[in-house]
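These are the residues of each chain, in order.
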Protein chains: 2
Amino acid sequence: MPLVCPSLEAFIPSAPLDLSSRINKLRIIISVLIRHQTMDTLKNNWFTETCELWPGGTFSIEVKEVLHSEKSEYQDIHVFDTKHFGKVLVLDGIIQCTEKDEFSYQEMISFLPLCCHKNPEKVLIVGGGDGGVAREVAKHPLVKEIVQVEIDAKVIEVSKKYLPFMAVGFDSPKLTLHVGDGFEFMKNHSQEFDVIITDSSDPVGPAVSLFQENYFALMKSALKPNGIVCSQAGTVWNDLELVSNTLKICKNQFPSATYAYASVPTYPSGQIGFVIGSLDKDIVFDQPQLIFSEEDEKAMNLRYYSSAIHKAAFVLPTFVKHRLA
Amino acid sequence: MPLVCPSLEAFIPSAPLDLSSRINKLRIIISVLIRHQTMDTLKNNWFTETCELWPGGTFSIEVKEVLHSEKSEYQDIHVFDTKHFGKVLVLDGIIQCTEKDEFSYQEMISFLPLCCHKNPEKVLIVGGGDGGVAREVAKHPLVKEIVQVEIDAKVIEVSKKYLPFMAVGFDSPKLTLHVGDGFEFMKNHSQEFDVIITDSSDPVGPAVSLFQENYFALMKSALKPNGIVCSQAGTVWNDLELVSNTLKICKNQFPSATYAYASVPTYPSGQIGFVIGSLDKDIVFDQPQLIFSEEDEKAMNLRYYSSAIHKAAFVLPTFVKHRLA
């Protein structure tokens, strides 16, 4: 899959730079590469996802119609209507969610941390510009107030227009939505939240900083006592090194931390996981604090998460258990 | 993805046929279509999997070298050496196993039924021509005798040559290997096995009959009292109808039956499941009869299965639980 990028050399660092500048340069290079790939990869109505994070294997999806296509200040944004997966949101060439299976991801990244907490009254969502996590968090009976900080207003706008099944989350009366940088927001909000959920894209492009130690330290400072954080943390099949690193960072900051996972077929390897950290050193992550009955599940329209799935999500395959020990 | 198949018309039934003949004709048509697709789908060193069972989305894998390519009496057989998934076996255009992740499938289809049984001394494997299931079954400490019936001698031959990490299973002194039809074999072996594992390809081509009721009835007749069957049964994300039908068939024949699943990233949707039936009406599938310690796991080189994963594999996402109820 050839890349066409005549201006690439312009971005390559030519003089010694400090670490932060080098990382920023590399982010720009990767972003340019991905943009050109996205243009190249919609051929014969098949969109092909490619990313250096999962080399040698890729998923393609049959597109009926390109509903939207733009470059925002932060990333490439595409919305496709597809033949068998409904509406699909693609950022920087990577599938973020499909109408067919988004419920699995949104429910799990929301209810796993919420149900690990005894009383998750005030919740911060960082990212989540499609509205799906807000939709799920708002369902939890103990949640009173949700604050969301999404960096890219264009993602919110596009989701409201084309992905109403997720953007409905923005309509919750519990929610206050800010457009801005989660980093900056948390610097000004100390000891305020019971649960912080980071619904980010993968660590290329604008989300790189959300996988670093100073981000986890900031989240810690924004939490109330016994607070819990939950971050999208990649898949064990493609990125076990990334999962391991993210968990290590979380463990550096929090007295208790672990990894759980869910099945999401349109994510690379069909699986995605979450690093969860808690300020409560005695927490037992795999025992939900609030047990849902089948009637509760039905009332909240939960299609993936249940109290039984909560427990099972923390049971790791042997090779993962050993690597993350 | 255009199909080139000039001789296809020759296969289309032109006169009324009985059901069995029509199914056979359709099998041949599908097989021809898939063969032509396989030829078409290895382009620029990327092999693309396509199958009508999972429309609108497809997985591609980067190939370093085509190690083997032939049409056996039953199916197209390809072996690829790939850039990031090691050696890969492809039958009729569908990835059967990759060196990177095959352990997850082989361990789960073997140890789930074996550990549901109190004393799985004698085991029948139907299919499994790559040797991977034999490799795993032979590890179980209570298994004394394994009989395997694979219909396609060419798959065995190719696996011995190119996939020794799986074909090592054929070297077990516990194993007797037959080349032939599992159907015919079981007709002549009544009440003989404690566990029957059907490691089949998907229900297109030679494996269609292994998803039908008379196959489950035959397995039942070949089992000893309290015997257990386990069949590859597709994924809940693409084929919930197929899973549901296969489970229904199993429930018609067995007093207890259920579905469990595993994560296998190179299978469609990154997940595959198993229908498990037992002649013991009081069986509790999610409680393994033999609990493995970490030392046991290590001694058996188990990289996915553990007694904890055994329990978790039966916990179904809510939308699946309701559909299979």
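The model shown is predicted, which means the values in this text are computed figures rather than measured ones. (Residues numbered from 1 in each chain as written. Chains lettered and ligands numbered in written order. Predicted model: local features only at pLDDT ≥ 70, side-chain atom pairs only at ≥ 80, totals over all residues. Heavy atoms only, no water.)

## What to know about the interface of chain B and chain A
So, step 1. Taken together, the 41 residues of chain B in the interface contact 41 residues of chain A.
So, step 2. Note on chain B versus chain A: buried area summed over both sides is about 3,200 Å², and carbon and sulfur give 61% of it.
So, step 3. Interface area lost by chain B to chain A is led by Gly56(B), Trp237(B) and Thr318(B), which between them contribute 20%.
So, step 4. Seen at the junction of chain B and chain A, the total is four salt bridges.
So, step 5. Among the ionic pairs, Lys321(A) bridges to Glu294(B), the shortest N-O distance being 3.6 Å.
So, step 6. Joining chain B to chain A, the criterion identifies 15 residue pairs in polar contact (both at pLDDT 80 or more).
So, step 7. Along the lines of polarity and charge, the residues of the side of chain B that touches chain A split into 20 nonpolar, 14 polar and seven charged. (Contact = heavy atoms within 4.5 Å. Buried area = accessible area lost by both parts, 1.4 Å probe. Salt bridge = Lys/Arg side-chain N within 4 Å of Asp/Glu carboxyl O. Polar contact = N/O pair within 3.5 Å; in protein donor to acceptor, adjacent residues only side chain to side chain. Nonpolar A, V, L, I, M, F, W, Y, C, P; charged D, E, K, R; others polar.)

## As for the relation of the copies chain B and chain A
So, step 1. When chain B is brought onto chain A, the operation consists of a screw motion whose angular component is 180° and whose axial shift is 0.0 Å, with 0.0 Å RMSD remaining. The two molecules are tied by a two-fold rotation axis, judged by turn and shift.
So, step 2. Taken together, the interface assignments show that 100% of the residues at the interface of chain B recur at the interface of chain A, consistent with an identical surface on both copies. (Least-squares fit on C-alpha atoms with pLDDT ≥ 70 in both.)

## A closer look at the sheet that holds strand β7 (residues 122–127) of chain A
Residue and element names in this part refer to chain A.
So, step 1. Pairing is mixed in the open sheet, where seven strands are placed in the order β9-β8-β7-β10-β11-β13-β12. Every interior strand has two partners, whereas the edge strands, β9 (175–179) and β12 (256–263), have only one. Direction aside, the axes of adjacent strands within the sheet are offset by 15° on average.
So, step 2. Where strand β8 (residues 145–150) and β9 come together, five bridges link them in parallel fashion. Following the sheet pairing, Gln148 is matched in β9 by Leu177.
So, step 3. In this fold helix α2 (residues 102–116) packs onto β7, β10 (193–199), β11 (223–232), β12 and β13 (271–278), with an angle of close to 155° to the strand it touches most, β10. (Pairing = 2+ DSSP bridges. Helix = DSSP H or I, 4+ residues; strand = E, 2+ residues; numbered from the N terminus. Axes fitted to C-alpha atoms, helices over the stretch in contact; angles between N-to-C directions.)

## What to know about the state of the cysteines
Residues and elements named next belong to chain A.
So, step 1. Tallied over the full model, the rule gives zero disulfides over all chains.
So, step 2. Between Cys230, a free cysteine, and Cys116, which holds the nearest cysteine sulfur, the sulfur-to-sulfur gap is 8.3 Å.
So, step 3. On the basis of relative accessibility, which here comes to 0%, the residue Cys230 falls in the buried class.
So, step 4. Take Cys250: it sits in no disulfide, and the sulfur closest to it among the cysteines is that of Cys230, at 9.3 Å.
So, step 5. What makes Cys250 buried here is its relative accessible area of 0%. (Disulfide = S-S within 2.5 Å. Buried < 20%, exposed > 50% of the residue type's maximum accessible area, 1.4 Å probe, protein only.)

## Here's the deal with the packing of aromatic side chains
So, step 1. The final tally for this structure, using the stated rule, is 26 aromatic pairs over all chains.
So, step 2. Ring centres 6.1 Å apart and planes at 70° place the aromatic pair Phe292(A) and Tyr305(A) in the edge-to-face group. With a gap of 13 residues between them, Phe292(A) in the loop between β13 and α9 (294–299) and Tyr305(A) in the loop between α9 and α10 (307–312) connect regions that are remote in the sequence.
So, step 3. Its relative accessible area of 0% is what places Tyr305(A) among the buried residues.
So, step 4. Arranged with centres 5.5 Å apart and planes meeting at 85°, the rings of Tyr105(B) and Tyr267(B) form a pair that is edge-to-face. (Phe/Tyr/Trp six-rings, centres within 6.5 Å; stacked < 30°, edge-to-face > 60°.)

## What to know about the pairing of β7(A)
Residue and element names in this part refer to chain A.
So, step 1. Along β7, six of the six residues are buried, which leaves the element largely enclosed by surrounding structure.
So, step 2. Sheet topology places β7 next to β8; five bridges connect them, and they run parallel. Across the sheet, the residue bridging to Val123 is Ile146, located in β8.
So, step 3. Handedness of the crossover joining β7 and β8 through helix α3 (residues 132–137): right-handed.
So, step 4. Direction of pairing for β7 relative to β10: parallel, over a ladder of five bridges. Bridge assignment links Ile125 to a residue of β10, and that residue is Ile197. (Right-handed = clockwise from strand over helix to strand, strands pointing away.)

## Quick word on the pairing of strand β6 (residues 94–98) of chain B
Residue and element names in this part refer to chain B.
So, step 1. Of all the five residues making up β6, five are buried; the element is thus mostly covered by neighbouring parts of the structure.
So, step 2. Relative to β6, strand β5 (residues 87–91) runs antiparallel, the two sharing four bridges. Counterpart to Leu89 in the pairing with β6 is Cys97.
So, step 3. Hairpin geometry of β5 and β6 is characterised by an intervening segment of two residues between the two adjacent antiparallel strands and by a positive phi of about 45° at Asp92.

## Structural notes on the pattern of salt bridges
Residue and element names in this part refer to chain A.
So, step 1. A full pass over the atoms with the stated rule returns 32 salt bridges over all chains.
So, step 2. For Lys64, the salt bridge goes to Asp81, with nearest N and O atoms at 3.9 Å. Of this pair, Lys64 sits in strand β3 (residues 57–71) while Asp81 sits in strand β4 (residues 76–82), and the two are 17 residues apart along the sequence.
So, step 3. With its nearest N and O atoms 2.9 Å apart, the salt bridge here joins Glu136 to Lys139.
So, step 4. Accessibility expressed as a relative area gives 1% for Glu136, which makes it buried.
So, step 5. Taking relative accessible area as the criterion, Lys139 reaches 23% and is therefore assigned partly exposed.
So, step 6. The network of salt bridges with common partners includes Glu102, Arg135, Glu136 and Lys139.

## Quick look at helix α4 (residues 153–162) of chain B
Residue and element names in this part refer to chain B.
So, step 1. By the burial criterion, the buried members of α4 are Val155, Ile156, Val158, Ser159 and Tyr162.
So, step 2. For α4, the secondary structure elements touched by its buried residues are β3 (57–71), β4 (76–82), β5, β8 (145–150), α5 (164–167) and β9 (175–179).
So, step 3. Two to three positions downstream of the cap, the backbone nitrogen of Lys154 sits 3.0 Å from a side-chain oxygen, assigning the N-cap of α4 to Asp152.

## With respect to the packing of helix α7 (residues 213–222) of chain A against helix α8 (residues 240–253) of chain A
Residue and element names in this part refer to chain A.
So, step 1. Between α7 and α8, whose axes approach to 9 Å, the crossing angle comes to 40°. Relative to α8, the element α7 is oriented oblique. By crossing handedness, the relation of α7 to α8 is classed as right-handed. Where α7 approaches α8, its residues Glu213, Phe216, Ala217 and Lys220 are matched on the opposing element by Thr246, Ile249, Cys250, Asn252 and Gln253. (Parallel < 35°, antiparallel > 145°, perpendicular 65-115°, else oblique. Left-handed = near helix turned anticlockwise from the far one by under 90°.)

## Let's talk about the nonpolar core
So, step 1. Ranked by internal contacts, the top residues of the largest apolar core, which has 162 residues, are Ile196(A), Phe274(A), Ile196(B) and Phe274(B).
So, step 2. Counting residues in hydrophobic clusters, the runner-up holds eleven residues, among them Val79(B), Leu91(B), Cys97(B) and Met166(B). (Core = buried A, V, L, I, M, F, W, Y, C linked by side-chain atoms within 4.5 Å.)

## Some points on the UniProt feature "active site" (unreviewed entry) in chain A
Residue and element names in this part refer to chain A.
So, step 1. This chain's UniProt record puts "active site" (unreviewed entry) on Asp199.
So, step 2. For Asp199, the position within the fold is in strand β10.
So, step 3. Take Asp199: its relative accessible area is 9%, and that puts it in the buried class.
So, step 4. Discounting chain neighbours no more than four positions away, the residues touching Asp199 are Tyr105, Gln106, Ile109, Val126, Gly127, Gly128, Asp130 and Val133. (UniProt positions renumbered as here; feature names shortened; annotations may be inferred.)

## Some thoughts on the confidence of the model for chain A
So, step 1. This prediction gives chain A a mean pLDDT of 88; 87% of its residues lie at or above 70.
So, step 2. Confidence over residues 1–17 of chain A falls short of pLDDT 50; this stretch has 22 contacts with residues more than four positions distant or in other chains. (pLDDT = per-residue confidence, 0-100.)

## Points about the sheet that holds strand β7 (residues 122–127) of chain B
Residues and elements named next belong to chain B.
So, step 1. Read across the open sheet, the seven strands follow the order β9-β8-β7-β10-β11-β13-β12; overall the sheet is mixed. This sheet does not close on itself; its edge strands, each paired only once, are β9 and β12 (256–263). Neighbour-to-neighbour, the strand axes of this sheet turn through a mean angle of 15°, independent of strand direction.
So, step 2. Relative to strand β13 (residues 271–278), β12 runs antiparallel, the two sharing eight bridges. What sits directly across from Thr258, in β13, is Ile276.
So, step 3. Together, β7, β10 (193–199), β11 (223–232) and β13 form the strand contacts of helix α7 (residues 213–222), whose direction differs from that of β11 by roughly 145°.
So, step 4. In the packing of helix α8 (residues 240–253) onto the sheet, the strands contacted are β11, β12 and β13, and the crossing angle to β12 comes to about 145°.

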